[in-house]
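Architecture and fold: a report
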Amino acid sequence: MGEATQDTAPRRRTRRPSMADVAALAGVSSQTVSRVANNRSNVEEETRRRVLSAMRMLGYRPNTAARALVTGHFRALGLISFGLSSFGNARTVDAVTRAAQRAGYTVNMIAIESQTERAVHEAFDRLTMQAVDGIVLVEAQILDTPALRLPAGVPVVMADGDASHRHPMVDTDQARGARLVTRHLLDLGHETVWHVAGPEDSYAARRRTESWHATLKEAGASVPGVLFGDWSAASGYEAGRALARRPGVTAVFAANDQMALGVMRAMAEAGCRIPQDVSVAGFDDLDESAYLTPPLTTVRQNFDVVAERIVSLMIDQIESRGERSAAAYVVPELIVRQSTAAPPPR
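**Topic: the sheet that holds strand β1 (residues 76-82)**
A sheet is described by the order of its strands in space; here six strands give the open sequence β2-β1-β3-β4-β5-β11, paired in parallel fashion. Two strands bound the open sheet, and with one partner strand each, they are β2 (106-112) and β11 (327-330). Averaged over all pairs of adjacent strands, the angle between their axes in this sheet comes to 20°, without regard to strand direction. With four bridges connecting them, strand β5 (residues 169-172) and β11 associate as parallel partners. Looking across to β11, one finds that methionine 169 is bridged to alanine 327. Docked against the sheet, helix α5 (residues 87-102) engages β1, β2, β3 (134-138) and β4 (156-159), running at close to 175° with respect to β1. Its contacts with the sheet put helix α6 (residues 117-128) on β1, β2, β3 and β4, and the angle it makes with β2 is roughly 155°.

**Here we look at helix α7 (residues 174-187)**
With 14 residues, α7 ought to run about 20 Å at 1.5 Å a step, and its terminal C-alpha atoms sit 20 Å apart, in line with that. Turning to α7, its buried residues number three or more, namely Gln174, Gly177, Ala178, Val181, Thr182, His184, Leu185 and Leu186. Contacts made by the buried residues of α7 are with β5, α8 (203-219), β8 (251-254), β9 (279-281), β10 (298-300) and β12 (333-335). Positive phi appears at glycine 189, one or two residues downstream of α7, with a value of about 115°.

**Observations concerning the packing of aromatic side chains**
Considering all chains together, one arrives at one aromatic pair under this definition. With 5.8 Å between their ring centres and 80° between their planes, phenylalanine 87 and phenylalanine 303 make a pair best called edge-to-face. Here phenylalanine 87, found in helix α5, pairs with phenylalanine 303, found in helix α11 (residues 303-320); they are 216 residues apart in sequence, far enough to count as distant. Taking relative accessible area as the criterion, phenylalanine 87 reaches 18% and is therefore assigned buried. Given a relative accessible area of 6%, phenylalanine 303 falls into the buried group. The positively charged end of arginine 208 is found above the aromatic ring belonging to phenylalanine 283, 3.8 Å away from the centroid.

About the thresholds
- Residues numbered from 1 in each chain as written.
- Predicted model: local features only at pLDDT ≥ 70, side-chain atom pairs only at ≥ 80, totals over all residues.
- Heavy atoms only, no water.
- Pairing = 2+ DSSP bridges.
- Helix = DSSP H or I, 4+ residues; strand = E, 2+ residues; numbered from the N terminus.
- Axes fitted to C-alpha atoms, helices over the stretch in contact; angles between N-to-C directions.
- Contact = heavy atoms within 4.5 Å.
- Expected span 1.5 Å × (residues − 1).
- Buried < 20%, exposed > 50% of the residue type's maximum accessible area, 1.4 Å probe, protein only.
- Phe/Tyr/Trp six-rings, centres within 6.5 Å; stacked < 30°, edge-to-face > 60°.
- Lys NZ or Arg CZ within 6 Å of the ring centre and 35° of its normal.

Right under this line is the structure:
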């Protein structure tokens with residue numbers, strides 16, 4: 001038996017598909033393929049679909065570095081957010097990611113747990129090293145410093161943050177939402193409204209609490225002491241148990257729907273009927289809130305509109321390299337369901 005021989009011939013590398021290959025398959029020019037790859041608007045939709053189909057068939061991937069040399073942009077955004085266990089944070093991140101993708105941008109995200117300016121700066125540095133065109137900061141938590149300062153040179157848009165920053169900021173009008181729901185309960189005839197607030201280190205929770213307080217004061221109603229939760233149903237349940245022991249509680253505004261759910265459970269266990277004995281309202285309008293027993297009155301935030309405005313502001317900055325200082329607020333909607341009603345007769 002002869003000795004086995006090893007094939008030492010070099011293997012041919014499979015050539016990556018080129019822009020010219022895509023152009024040939026789609027029946028267009030290489031310039032048209034370039035315009036589609038760079039998401040230019042001056043391409044007919046039928047032509048764009050044909051080019052994109054050819055790219056998928058060939059497995060063509062645009063050269064990001066080469067594209068950036070031509071356009072000056074990487075078509076990538078960075079996104080910094082605190083932990084995603086919060087409904088608001090998770091929905092904001094999801095909506096911004098989808099809005100960016102519709103605009104032709106990819107999103108690189110870093111979630112941070114530490115509420116410090118240093119942690120934000122470290123995340124900022126990591127993202128800028130990944131060649132992003134701009135950064136969205138979901139500054140939902142109040143940091144350890146009174147004024148966050150970010151390095152210059154990279155466009156920044158803030159979501160759910162401090163409007164005093166020099167960067168553009170977009171958020172739901174939290175104050176308006178809290179005023180709507182508090183006013184709704186007062187208009188039903190309740191003498192006052194108790195409040196289960198979110199964490200004290202949350203911008204959204206602080207704005208909702210301040211607005212609830214101001215609305216009661218403007219109406220000449222007494223202002224009860226605030227009970228604080230941590231956004232969870234469990235914390236709402238503990239607050240609800242405390243409220244159920246207090247005489248005269250007929251209306252409760254919880255700062256989010258999860259805590260409202262906990263309040264409702266505690267009230268039911270204490271023998272209080274909702275809404276016949278106690279009205280309960282929340283904030284956020286979770287998908288499940290319409291299916292609670294009874295369905296929950298709440299404030300609906302439009303995260304998709306917030307995200308579209310964030311991405312639009314970001315693209316404006318990227319393309320103009322200007323930096324505008326402005327705060328934009330998206331109007332929320334009061335959704336009245338069966339968990340609120342007039343107070344019981346005395």
